[in-house]
Amino acid sequence: MSGEATHCWIVVLDIENFSSRSDPIQRSLRAGMYEVLRAALLTAGLSDDDVVTEDRGDGVLMIVSATVSPIVLAGPFVRALDEELRQKADVYSLAHAMRFRVAMHQGLAARDGEGWSGDAVNTACRLVDAGPLREVLAAASSSRMVFVVSDEIYRAVVRHGHRSVDPAAYLPMPFRTKHGERIESWVTVPGSPAPPGLPAASPGQHGQELPGESSGHVGAEPGGVRTDTGSRRPAGGGGISVGTVHGDVFQGDKTVNVNTTGPVRP
């Protein structure tokens with residue numbers, strides 16, 4: 001896979017809190033990361049002909065041939081990564097704790113003498129570096145990894161519920177990059193029925209409003225829009241204008257401030 005841009009699956013993994021460790025521990029974690037990765041690839045039946053890897057220091061970029069089934073990547077490969085991390089956790093000290101953030105996307109990528117490039121590669125890296133994904137892994141304190149897929153992967157692969165992939169274990173995780181680009185993604189924590197720290201998805205939920213985005217819905221979480229750094233960007237405007245509010249919009253005990261010039265019916 002070199003020369004002209006070709007379609008491929010793109011998988012990126014990063015080690016949690018890598019840069020905060022001492023140099024000797026970073027070297028140990030890098031060695032362990034590659035041991036886990038190689039074992040997981042072997043378990044999933046992926047060969048060197050299927051996968052090209054590029055080192056990222058605290059992680060690995062993987063360019064996977066389009067001939068490989070994405071079900072294998074989202075299913076057996078992710079499960080194998082989690083199992084290999086479990087085995088490492090049994091022998092690693094707390095100082096060597098190794099947990100992964102893993103992202104999967106698809107698209108065109110081109111290779112030159114120095115490595116891989118393309119918008120799809122950039123998107124996969126934004127997914128794995130997203131602040132909300134870091135928060136999910138931090139909240140899943142007893143888990144070993146989180147796995148996030150782009151909306152394209154979710155639609156084409158995950159939502160169909162193939163035997164080795166459980167769509168019920170995924171929740172939507174939309175976020176904005178530091179440049180303001182909105183990215184739709186879906187996240188799961190292997191071994192968990194649902195990733196912690198995210199609101200439960202409604203049936204058929206897609207393209208949900210980000211906190212602080214004004215789309216006419218009342219009750220959106222205040223504080224701004226989540227970004228890929230995990231911070232919040234102030235949302236434009238200070239209130240929501242509602243013409244008519246029906247009583248069944250609000251269920252349970254809530255405090256709602258509504259500024260309106262139209263009628264309000266209980």
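Residues numbered from 1 in each chain as written. Predicted model: local features only at pLDDT ≥ 70, side-chain atom pairs only at ≥ 80, totals over all residues. Heavy atoms only, no water.

Thoughts on the side chain of Glu 16
Turning to step 1, where the next piece is worked out: Mapped onto the fold, Glu 16 is located in the loop between strand E1 (6-15) and helix H1 (23-43).
Turning to step 2, where the next piece is worked out: Residue contacts for Glu 16: discarding those within four places in its chain leaves Arg 21, Arg 99, Arg 101, Leu 137 and Ala 138. (Helix = DSSP H or I, 4+ residues; strand = E, 2+ residues; numbered from the N terminus. Contact = heavy atoms within 4.5 Å.)

Things to note about the pairing of E1
One face of the sheet, then the other: side chains in a regular strand alternate in exactly this way.
Turning to step 1, where the next piece is worked out: For E1, the buried fraction is high: eight of the ten residues fall into the buried class.
Turning to step 2, where the next piece is worked out: Pairing of E1 with strand E4 (residues 100-111) involves ten bridges; the strand directions are antiparallel. Each bridged residue has a counterpart across the sheet, and for Cys 8 the counterpart in E4 is Gly 107.
Turning to step 3, where the next piece is worked out: Pairing of E1 with strand E3 (residues 59-65) involves seven bridges; the strand directions are antiparallel. Along E3, the bridge assignment pairs Cys 8 with Ser 65. (Buried < 20%, exposed > 50% of the residue type's maximum accessible area, 1.4 Å probe, protein only. Pairing = 2+ DSSP bridges.)

Quick look at the packing of aromatic side chains
Turning to step 1, where the next piece is worked out: Applying the stated criterion across every chain yields a total of two aromatic pairs.
Turning to step 2, where the next piece is worked out: Pairing Tyr 154 with Trp 186 gives two aromatic rings, centres 3.7 Å apart and planes at 5 degrees, and the pair type is stacked. In this pair, Tyr 154 sits in helix H5 (residues 151-156) while Trp 186 sits in strand E10 (residues 185-188), placing the two residues 32 residues apart along the sequence.
Turning to step 3, where the next piece is worked out: Linked through ring pairs, Tyr 154, Tyr 170 and Trp 186 together constitute an aromatic cluster. (Phe/Tyr/Trp six-rings, centres within 6.5 Å; stacked < 30°, edge-to-face > 60°.)

Quick word on unusual backbone geometry
Turning to step 1, where the next piece is worked out: The backbone phi angle of Asn 17 is positive, close to 55 degrees, even though this residue is not glycine.
Turning to step 2, where the next piece is worked out: Checked against the element boundaries, Asn 17 lands in the loop between E1 and H1.
Turning to step 3, where the next piece is worked out: With relative accessibility at 47%, the residue Asn 17 sits in the partly exposed group.

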